[in-house]
Structures are given as structure tokens and as C-alpha cells.
Amino acid sequence: MIFKVFKKQELARLHELLAVNIVVGPVVKGKDRNGKPLYDFDVVYDFNELALDYTQTVHSPKRFVLPYHETLSTFAVSRDGWEKHVDLNVYRPLVFFGMHACDINALNKLDLVLAQSTYPNPYYMGKRKNLFIIGIDCNPEPQCFCRSMGTDSAIHGFDLFLTDLGDGYFAEILSATAFDLLNQISCKDPSAKDLALYKQATNGKNKHYTAKVETSDLTKILDLEFESPAWDAWGEKCLSCGTCANVCPTCYCYGVEEHVDLDLTHASKTKSLHSCNLIDFAKVAGGHNFRPTSASRLKYRYYHKHRGFVEAFEESLCVGCGRCGAACLADITPPEVIASVRGKE
Amino acid sequence: MQNKLHFIDVLGKGAGAHRKQDPGSFEYTLPAEITSIYQLTASEKLYQIQIIDPEQRNRFSFKPGQFVMLELPGIGEAPFSISSSPVRRGDLELCIRAVGNFTNFLAKVERGARVGITGPFGTHFPLEKMQGQDILLIGGGLGIVPLRSPLLAVLENRSRYGRVDIMYGAKTPTELLFTYQYEEWRRFDINLGITVDKADKSWKGRTGLITELLKERIAQTASLRENTYAIVCGPPVMFHFVCKMLTEAGLPMQKMFVSLERRMHCGRGKCCRCNIGSTYTCLDGPVFDYWSVMNLKEAI
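Residues numbered from 1 in each chain as written. Chains lettered and ligands numbered in written order. Predicted model: local features only at pLDDT ≥ 70, side-chain atom pairs only at ≥ 80, totals over all residues.

Caption draft 1: Geometry of the overall build of chain A. A count of helices and strands for chain A gives twelve helices and twelve strands. Its C-alpha radius of gyration of 22 Å places chain A within 12% of the 20 Å reference for a compact globule of 345 residues. Each principal axis of the C-alpha distribution contributes one length, and for chain A these read about 70 × 60 × 40 Å. (Helix = DSSP H or I, 4+ residues; strand = E, 2+ residues; numbered from the N terminus. Rg over C-alpha atoms; globule rule 2.2 N^0.38 Å.)

This is how it looks when you write it as C-alpha cells:
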């Protein structure tokens with residue numbers, strides 16, 4: 001891996017170089033009831049809009065690779081039959097300026113199931129492969145349990161990763177394009193002092209992790225506690241609204257619908273992201289619902305994230321960003337749910 | 001403009017060449033035509049569907065137990081078990097009950113309609129392993145539909161298999177499917193046992209649960225341990241009782257197969273709607289051996 005350091009004012013120059021492409025980054029969208037800024041990812045036209053010291057965005061960067069609604073195909077329908085047209089809905093590369101390690105890891109996890117498994121999904125791959133990602137280090141929020149999930153640092157899945165050293169940035173370079181870019185700004189190889197600052201920044205961050213999830217033997221515990229009354233208690237609280245899946249950086253479940261145009265000559269097939277907490281998730285034609293209770297659906301969500309995905313891909317689907325807990329209207333957080341299932345209230 | 005990033009076209013020339021699965025095939029539907037429709041009962045119809053392009057039709061191959069996604073452009077797409085023999089390739093037969101939005105629309109469709117077929121998807125019954133062995137085919141209600149494909153495959157090579165028993169239960173005699181084929185099946189030395197929950201005036205056959213039929217069959221042989229395979233398909237409650245009886249009769253778990261039903265939106269292990277815990281019914285199923293099912297929470 002190649003490391004470089006550059007002065008803070010050079011970052012604007014880096015943005016300027018990349019601005020010939022579409023740049024997406026964290027921006028302030030408003031204020032919450034306590035007056036704290038609310039951040040989200042959006043297209044950035046001016047470097048000053050970028051809020052690189054953001055805490056956490058409300059939504060994950062998922063929508064740029066998995067749009068909430070997406071047209072999969074369109075049909076030209078006539079009396080003699082139909083013709084299908086497929087459009088991947090991706091036309092140009094996208095620069096992500098300032099993504100935290102958890103979100104980078106979330107994309108890596110989505111790659112496992114959507115790009116590297118049987119039937120790779122071209123709609124996802126087309127968008128994912130055309131991302132240029134600049135990661136940035138973060139200060140853990142109270143809800144972050146990424147350390148427990150092993151996703152507090154990103155090893156791959158980005159082009160450039162920046163760590164704030166006070167007056168400059170420590171850059172980790174993973175792609176030739178990123179290396180070429182850094183050559184166009186004023187940067188130098190890290191000195192012993194830079195290295196010391198880098199280590200100091202990393203160590204300082206460690207103190208801030210407060211939320212924890214005990215993951216040892218979690219797959220087995222979840223299996224053994226399948227009938228645990230804890231699930232019913234959480235099910236009682238859960239509103240089955242699907243907000244958790246909405247903000248989750250790794251929830252990828254969807255439903256497909258088809259529509260006919262009013263003139264009956266065209267039709268379209270659209271995909272919308274769904275949530276396993278919604279009541280109709282596993283309901284089949286004829287009315288049978290395989291998960292009729294909110295407890296069974298909430299349980300399934302934890303099973304998929306912390307057991308099923310581990311079984312299939314050797315790692316959990318959860319990155320510990322804590323967005324689901326922060327957004328939950330019923331204050332259900334993964335650390336609490338898992339602790340209660342483990343019998344540690 | 002030197003920093004304009006290079007656009008990568010994932011479906012471009014050579015992009016998928018090194019992949020086991022070509023991403024271009026993800027949303028590819030084979031144009032097909034409904035060539036004939038038979039009304040089997042009040043709510044079920046048998047649709048004969050032919051892939052239009054002769055080359056695609058011959059290249060289409062599936063194994064008994066697999067399913068296809070049937071698409072009516074603009075109306076929807078849904079998964080259906082294939083009921084025809086694998087020898088007939090892209091000349092498919094799908095038995096469909098009008099029960100939801102898609103199937104109720106399909107029930108109004110006439111012969112000659114252009115539909116789309118994607119697939120085949122999923123796992124299949126291991127008929128090659130079953131050669132030389134006795135086979136129990138146990139179906140309840142619509143469960144007979146996925147059993148018809150392995151049955152037809154067995155009939156075509158009848159001498160390769162031992163004793164074959166079909167046990168089929170329906171709610172009423174009017175709901176029995178494929179009645180016109182029972183005589184033909186019997187001619188092929190198949191023991192066909194049929195039972196209904198509620199008889200009507202014309203019904204001369206058995207009344208009662210399918211487990212009664214199974215009990216009699218089990219009593220005829222000393223043990224099912226050595227040379228028997230079973231395929232079970234039906235409503236969840238039937239799985240419980242039938243699989244339990246078969247296990248008690250000595251049938252090893254890995255020789256008992258079930259075909260499960262779940263909601264599916266993609267058939268390709270992407271939409272998660274058919275997940276049972278970690279398992280995709282569309283990729284790892286719909287055919288599971290009983291051991292795998294026992295290991296899955298909330299499967300049956």
C-alpha cells in the first residue's frame with residue numbers, strides 16, 4: 001500500500017480535479033430538534049458544501065448503487081407479442097467524496113451477494129464499478145458498534161482513504177487513478193512525525209467506542225435462542241414500519257412490480273427496495289403469510305444479518321453503523337436486541 | 001478534462017467473459033407462447049407453453065423439480081414448478097391455480113398469448129440416485145404439480161426404477177388434478193392411492209387423510225431404510241405428519257425430499273423474499289432433502 005501526506009488546503013484542489021465528474025459527498029440537510037446538523041449524501045457542486053467533519057449521514061450511500069425505485073426493463077407490447085428493453089440506468093462514473101469506513105465495508109458486503117455470487121446483478125455492478133471512492137476517517141458516535149463487527153477500518157473497496165492529522169491529511173492509496181490524482185496536487189511521502197500523528201489519531205479514536213455487540217458464537221446463540229421470549233418482547237415494541245431497512249447500508253431486499261401504460265403499448269418492470277419487517281414480505285398468493293407476526297419478522301432480520309449471511313459468506317451483513325437504532329421509532333437497537341437474546345440485559 | 005473517469009460498461013464486450021454467470025443474462029426473458037389451455041378443475045388450468053425460437057427451445061433444459069419465472073409483460077412475474085417431462089425441453093406444461101393478482105389475470109388469457117419464460121431455476125430431485133430404488137411420491141393438494149415432472153421422467157424410464165407409489169390427497173373429488181392421466185399411470189405399474197377429505201355423492205374412492213394411505217404402504221414392507229426414496233410436497237401441515245411417519249418407518253433423512261413454496265420476486269437469490277434463515281428457496285431449493293429442512297428454522 002502506498003501512503004502520502006498533503007496539506008489541508010490541497011483538498012480543495014483535489015476536489016477541483018475531480019469536479020469534471022459528478023461528485024457526491026456529505027452535506028448538511030437541516031437541523032434536528034436539538035439543533036444538531038443532519039447530514040446526508042448528495043451531489044456536491046461546490047467544495048464548501050462538503051461537510052467532511054460529518055458525524056453520520058441519516059441515510060446510507062446505498063441509494064447510489066441500489067436506488068429505492070429502479071426500472072429494470074421496459075416492454076413494447078403489440079398484438080403479435082412483446083419486446084423487452086433492458087437499461088442498467090447507469091451512464092457515467094460517480095465520485096464519492098468522504099465516505100466513512102463502515103459505509104465502504106457495507107458496499108464490500110453488498111458485493112459479496114450482488115456481484116460475486118451466482119447470477120451477478122448487472123444493475124448493481126454497473127453502478128458499483130463506476131464509483132471512485134474517497135474514504136475519510138470518523139469520530140465514533142454513541143450508536144456506533146462497528147468495532148464489534150470488525151468494520152471500523154476499511155481494507156479495500158476504496159480508491160483513497162484520508163485520515164485527518166490536524167494540519168494535513170494522511171492518504172492511503174489503493175488505485176492507480178488515485179495515485180495519478182495525488183501526483184497533480186502537492187503531496188509528499190509521510191515522515192516519522194506524520195506516522196506518529198497517524199498512530200495518535202487512530203489510538204485517540206479507540207476511546208470513543210461505547211456501544212458494543214458481543215459477536216462470539218453469535219450464530220450458534222441465535223440458533224439456540226430461536227424460540228426465546230426476548231423476540232416476542234421486541235416484536236411487541238416493533239412497529240413493522242421498515243425504517244431500519246430504509247436507512248441500513250446493507251439491506252438489499254426488494255420487490256418487483258409491473259405496470260402497463262394507459263395506451264396499452266408499453267409496459268415497465270420496476271424494482272423497489274422492500275423491508276423484511278413489512279407485513280407482506282413473505283406473504284404468498286392465496287393469503288398464507290410465512291411470517292405473520294412482527295416478532296417473527298424482526299427475528300428474521302437479525303437472523304439474516306447475523307447468522308444467515310455469516311453462514312453463506314463468512315461475515316456478518318451488519319456493519320455496526322447504528323443507523324437503524326438511531327432511526328427506529330420504537331428505540332430498538334441491535335446492541336440491546338442481541339444482548340437480550342444472549343440473556344445479558 | 002484529463003481527470004474524467006473512465007466509464008466501465010459491465011455489459012460491454014468481453015465484460016462478462018471471465019464470469020461463470022454472464023450479467024447480461026440477468027434480465028433476459030425468453031419469448032414464449034401459450035399453445036393450449038386445459039381446464040383441470042374450477043380454479044386450476046394446465047397451460048402448455050412453448051418457447052417460440054426453435055433453437056432456444058431445444059437449448060432449454062431443466063431437471064424435474066426446477067421452476068421457471070413466467071412473465072406477462074406489464075402484469076407481473078411469478079415462479080411456477082414445471083409439470084412436464086424434461087424430455088420435452090422448451091415445451092413446458094405449467095399447472096396454475098387462479099389465486100392471486102397474476103394468476104387471476106392469467107386465467108383470463110387465451111390461447112396464443114405471448115408470455116415470457118425465465119429459468120430454469122433452483123435445485124431438482126436427484127432421479128439419477130433413485131435408479132434401482134423404490135419411490136414414494138406423496139402429494140397433497142397442489143403438491144401434485146411439482147411431483148408430475150419427476151413422475152413423467154420415471155414413466156419414461158420405468159424399468160430403471162423399482163416399485164413406484166403415488167399417494168395423493170385433495171380436499172374434495174372435484175379438486176383432484178390430472179384425473180385423465182390416472183389410468184395411464186396405472187398401466188405403467190404405478191400404485192396410485194388417492195384420498196379426499198370430503199367425499200361427494202359420485203365419489204367411490206377413499207376418504208380420509210393421506211397419512212392413512214402412507215400407513216398402509218409402510219405396513220407392506222419391513223423397512224424403508226434400504227432401498228426407498230420419497231418425494232413429499234404439500235401444505236406445511238402435511239410435511240409435519242408425513243415426514244415424521246417416514247422417519248419413524250426408517251427412511252433416512254437424506255433420502256426424503258421436499259419441495260417448498262415461498263414468495264419470490266427474482267428467482268436469482270437477490271430479492272431475499274424467499275429466504276428461510278440463510279437459505280434462498282430459489283437458489284438452494286425449492287427441492288431440499290429433509291436433513292437440510294430440519295436444519296432450517298421456520299422451514300416447515
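Now that the structure has been shown, the text picks up again.
Caption draft 2: Fine view of the packing of helix H6 (residues 210-220) of chain B against helix H7 (residues 236-248) of chain B. Residue and element names in this part refer to chain B. Contact geometry of H6 with H7 gives a least axis separation of 10 Å together with a crossing angle of 10°. In terms of orientation, H6 lies roughly parallel with respect to H7. In this structure, H6 contributes Ile210, Thr211, Leu214 and Ile218 to the contact, and H7 contributes Met238, Phe241, Val242 and Met245. (Axes fitted to C-alpha atoms, helices over the stretch in contact; angles between N-to-C directions. Parallel < 35°, antiparallel > 145°, perpendicular 65-115°, else oblique. Contact = placed C-beta atoms within 7 Å.)

Caption draft 3: Up close: the nonpolar core. Judged by nonpolar contacts, the single largest core of 173 residues is most densely connected at Phe96 of chain A together with Ile138, Ala230 and Val232 of chain B. Broken down by element, this core gets its largest block of residues, eight residues, from helix H2 (residues 101-114) of chain A. Discounting chain neighbours no more than four positions away, the residues touching Phe96 of chain A are Val24, Pro61, Leu131, Phe132, Ile133 and Ile134 of chain A. (Core = buried A, V, L, I, M, F, W, Y, C linked by C-beta atoms within 7 Å. Buried ≥ 20, exposed ≤ 12 C-beta atoms within 10 Å, placed from the backbone.)

Caption draft 4: Just the interface of chain B and chain A, in detail. On the chain A side, the residues contacting the 41 residues of chain B number 53 residues. Taken together, the residues of the side of chain B that touches chain A break down into 16 nonpolar, 13 polar and twelve charged. (Nonpolar A, V, L, I, M, F, W, Y, C, P; charged D, E, K, R; others polar.)

Caption draft 5: Structural view of the pairing of strand E5 (residues 81-86) of chain A. All names here are of chain A. For strand E4 (residues 69-78) and E5, the ladder comprises six bridges, and the chain directions are antiparallel. When the bridges of E5 are listed, Val77 appears paired with Trp82. Connecting E4 to the antiparallel partner E5 that follows it, the hairpin turn spans two residues. (Pairing = 2+ DSSP bridges.)

Caption draft 6: Fine view of the domain arrangement of chain A. All names here are of chain A. One can read the domain layout of chain A as domain 1 (1-63 + 72-80 + 87-210) and domain 2 (213-345). Centre-to-centre separation of domain 1 and domain 2, based on C-alpha positions: 26 Å. Taken together, the contact pairs 28 residues of domain 1 with 29 residues of domain 2. At the level of elements, E4, H2 and helix H4 (146-149) are the ones that each hand at least two residues to the side of domain 1 that touches domain 2. Top contributing element to the side of domain 1 that touches domain 2 by residue count: H2, with eight residues. The residue makeup of the side of domain 1 that touches domain 2, split by class, is 15 nonpolar, nine polar and four charged. (Domains from an automatic or database assignment.)

Caption draft 7: Focus on the sheet that holds strand E6 (residues 94-99) of chain A. Residue and element names in this part refer to chain A. Spatial strand order, E3-E2-E6-E7-E8-E9-E1-E10: eight strands in an open sheet with mixed pairing. The strands lining the two open edges of the sheet, one partner per strand, are strand E3 (37-43) and strand E10 (187-188). Strands strand E1 (2-7), strand E8 (160-164) and strand E9 (168-173) of the sheet are contacted by helix H6 (residues 192-206), whose axis makes an angle of about 85° with E8.

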